[in-house]
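In case you want the letters, here they are:
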Amino acid sequence: MINVLIVDDDFMVAKVHAGFIQRTPGFAVVGVAHTGAQAMAETARLQPDLVLLDIHLPDINGLDLMTKLREAAPELDVLVISAAREVETVRRALRGGIVHYLIKPFSQTDLQERLEHYRSAYQGLDLAKDVAEQSDVNRVFGLETAERERSEPRLPKGCSAETLRLVVDVLQTADTDLAAAEVADLLGLSRVSARRYLEYLHDESRVEVRLKYGAGRPERRYALKPV
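Residues numbered from 1 in each chain as written. Predicted model: local features only at pLDDT ≥ 70, side-chain atom pairs only at ≥ 80, totals over all residues. Heavy atoms only, no water.

A. Highlighting the side chain of Thr43. Its location among the elements puts Thr43 in helix H2 (residues 36-46). With relative accessibility at 0%, the residue Thr43 sits in the buried group. A polar atom in the side chain of Thr43 sits 2.7 Å from the backbone oxygen of Ala39. Sequence-distant contacts of Thr43, defined by excluding residues within four places in its chain, comprise Leu5, Pro48, Leu69, Ala72, Ala73 and Leu76. (Helix = DSSP H or I, 4+ residues; strand = E, 2+ residues; numbered from the N terminus. Buried < 20%, exposed > 50% of the residue type's maximum accessible area, 1.4 Å probe, protein only. Polar contact = N/O pair within 3.5 Å; in protein donor to acceptor, adjacent residues only side chain to side chain. Contact = heavy atoms within 4.5 Å.)

Listed below in structure tokens is the structure:
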């Protein structure tokens with residue numbers, strides 16, 4: 001479990017962020033601080049793995065606080081969450097060795113994506129092996145995803161890789177071939193969207209199409225090709 005300390009001067013914002021974190025598997029909120037002084041005390045007491053750090057605190061700039069926090073917990077990682085958009089502020093945070101910089105306001109999905117990357121990349125680099133491979137380093141810096149995206153065929157406009165994976169999963173678990181309407185019902189998509197993904201898979205030669213004849217136009221039914 002990755003233990004997280006939230007440092008934000010706004011009580012309600014901190015509460016919302018805590019809810020986001022608690023709904024992210026593998027993470028637990030162990031404390032909340034609203035000033036730099038509280039953050040120092042809680043970091044020394046709790047020794048968290050990760051701090052979600054706001055920059056605008058009432059008693060200290062968050063970037064100045066970051067160095068002090070690491071003196072109290074040398075293995076501490078920092079993810080900055082701030083409304084500060086100045087380029088120099090972002091550069092200074094990057095030079096300070098943060099794992100990410102997330103600009104407020106952001107959604108639960110935005111934060112969860114950064115947390116999941118931190119868990120798989122940074123924590124994985126620490127635990128997996130004594131010697132890092134280049135692929136391990138690439139994962140930390142987000143290059144693994146970029147390389148994978150360059151190697152994958154470009155999806156049609158309006159389609160996402162995440163939804164495509166769900167469509168493939170549905171076809172893999174089905175006992176028989178499926179029509180676009182059936183895929184749409186299972187995933188909560190529109191029939192048009194489901195057909196777009198299925199036809200893309202057909203164009204990529206990843207599915208087979210069978211025509212089912214009956215009243216009216218024949219129905220196109222899709223099944224994954226054997227690997």
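B. Representation of the pairing of strand S3 (residues 50-53) within the structure. In S3, alternate side chains face the same way, and those of Leu50 and Leu52 on one face and Val51 and Leu53 on the other are all buried. As paired elements, strand S1 (residues 2-7) and S3 share four bridges and run parallel to each other. Bridged to Val7 within S3 is Leu53. Direction of pairing for S3 relative to strand S4 (residues 77-82): parallel, over a ladder of four bridges. Within S4, the residue paired with Leu52 across the bridge is Leu79. Taking the sense of rotation as the criterion, the β-α-β connection linking S3, helix H3 (residues 62-72) and S4 turns out right-handed. (Pairing = 2+ DSSP bridges. Right-handed = clockwise from strand over helix to strand, strands pointing away.)

C. Focus on the environment of Leu171. Take Leu171: it is sitting in helix H8 (residues 161-173). Linking Leu171 and Leu224, residues 53 residues apart in sequence, is a C-alpha distance of 6.2 Å. Setting aside chain neighbours within four positions, we find Leu171 in contact with Leu178, Leu198, Leu201, Val207, Tyr222 and Leu224.

D. Representation of the sheet that holds S1 within the structure. Pairing is parallel across the open sheet formed by five strands, whose spatial order is S2-S1-S3-S4-S5. Two strands close off the open sheet at either side, each with one partner strand: strand S2 (27-33) and strand S5 (100-103). Averaged over all adjacent pairs, the angle separating strand axes in this sheet is 20°, with direction ignored. (Axes fitted to C-alpha atoms, helices over the stretch in contact; angles between N-to-C directions.)

E. The sheet that holds strand S8 (residues 219-224), seen in detail. Read from one edge to the other, the open sheet built from three strands follows the order S6-S8-S7, with strand pairing classed as antiparallel. Both outer strands of the open sheet, strand S6 (178-179) and strand S7 (207-212), are each paired with one neighbouring strand and no more. Against the sheet, H8 contacts S6, S7 and S8, and its axis sits at roughly 85° relative to S8.

The analysis is restricted to geometry; functional conclusions fall outside its scope.
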